[in-house]
Amino acid sequence: NMMAQDKAFRLNALITLGDIYRRHEDFSKAFKAYDQALSDIGTPTAEHWPIIYARGVSLERMNNWAQAEKDLLQALAFQPDNPNILNFIGYNWVTQGVHLEKALTFIQHALAQRPNDGYIMDSYGWAYYQLGQYDKAVTWLEKSLQESADDSTILDHLGDAYWQTGRYNEARFKWQRAYSLSGDI
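About the thresholds
Residues numbered from 1 in each chain as written. Predicted model: local features only at pLDDT ≥ 70, side-chain atom pairs only at ≥ 80, totals over all residues. Heavy atoms only, no water. Salt bridge = Lys/Arg side-chain N within 4 Å of Asp/Glu carboxyl O. Helix = DSSP H or I, 4+ residues; strand = E, 2+ residues; numbered from the N terminus. Contact = heavy atoms within 4.5 Å. 1 Å grid on protein atoms, 1.4 Å probe; cavity = no way out; pocket = protein on both sides within 12 Å on 5 of 7 lines; lining within 4 Å. Points joined across faces, edges and corners; volume = space filled by probe spheres on them. Nonpolar A, V, L, I, M, F, W, Y, C, P; charged D, E, K, R; others polar.

### Digging into the pattern of salt bridges
One pass over the full model with this rule turns up ten salt bridges. With a shortest N-O distance of 3.9 Å, Lys-29 and Asp-26 are connected by a salt bridge. For the salt bridge of Asp-150 with Arg-177, the shortest nitrogen-to-oxygen distance reads 2.4 Å. Taken together, the residues span a long stretch of sequence, with Asp-150 in the loop between α8 (134-148) and α9 (152-164) and Arg-177 in helix α10 (residues 168-182) at a distance of 27 residues. Residues joined by salt bridges that share partners form a network here, namely Asp-35, Arg-55 and Asp-71.

As structure tokens, then:
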């Protein structure tokens, strides 16, 4: 059936286009491509979770968390054990200081599946930081840094946690390293 083939081709083209825009950090064009793909689909099913997730990530990067959260939670409903989705939602909640206990549960679930993932460890440590459990935060952020080498966000988080635990010199050192890596000079 030519119509069905054309529809499948168009859908794949839109998804590919969205992925290219997202890789080039043009999130507004990525959003439009994913949004059109989902509009063409109508009512998405479990197989469409990657498009919903990608649109959600694009929306988050566009600072539209209210809409992003809807997409991400829908993607999670289709993929309840997906560590990327769990960590992405959890980290964003932690950063905003909302749903902290639930965020911690999401990140724990992600970490259980990817125990050596430095970025998930960072989210976990940052969640403990936001909950005021600074010693636990230090432990997890140090582990995160071992797994992820020099990442400016992780270094910044660890600096904050060191500061809260009275380790001021180490905090300054981590912040300086983060600053030099971030290129914001």
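### Overview of the side chain of Ser-58
Counting through the fold element by element, Ser-58 comes out in helix α3 (residues 49-61). Setting aside chain neighbours within four positions, we find Ser-58 in contact with Arg-22, Phe-27, Ala-30, Phe-31 and Tyr-34.

### Observations concerning the layout of surface pockets
In this structure, the largest pocket spans a volume of roughly 310 Å³. The dominant element in the lining of the largest pocket, judged by the number of residues it contributes, is helix α5 (residues 83-96), at five residues. Along the lines of polarity and charge, the residues of the lining of the largest pocket split into six nonpolar, three polar and five charged. Volume-wise, the second largest pocket comes out at about 200 Å³. What lines the second largest pocket is simply Asn-87, Phe-88, Tyr-91, Thr-95, Tyr-119, Asp-122, Ser-123, Asp-151, Thr-153 and His-157. Sorting elements by how many residues they give to the lining of the second largest pocket places α5 first, with four residues.

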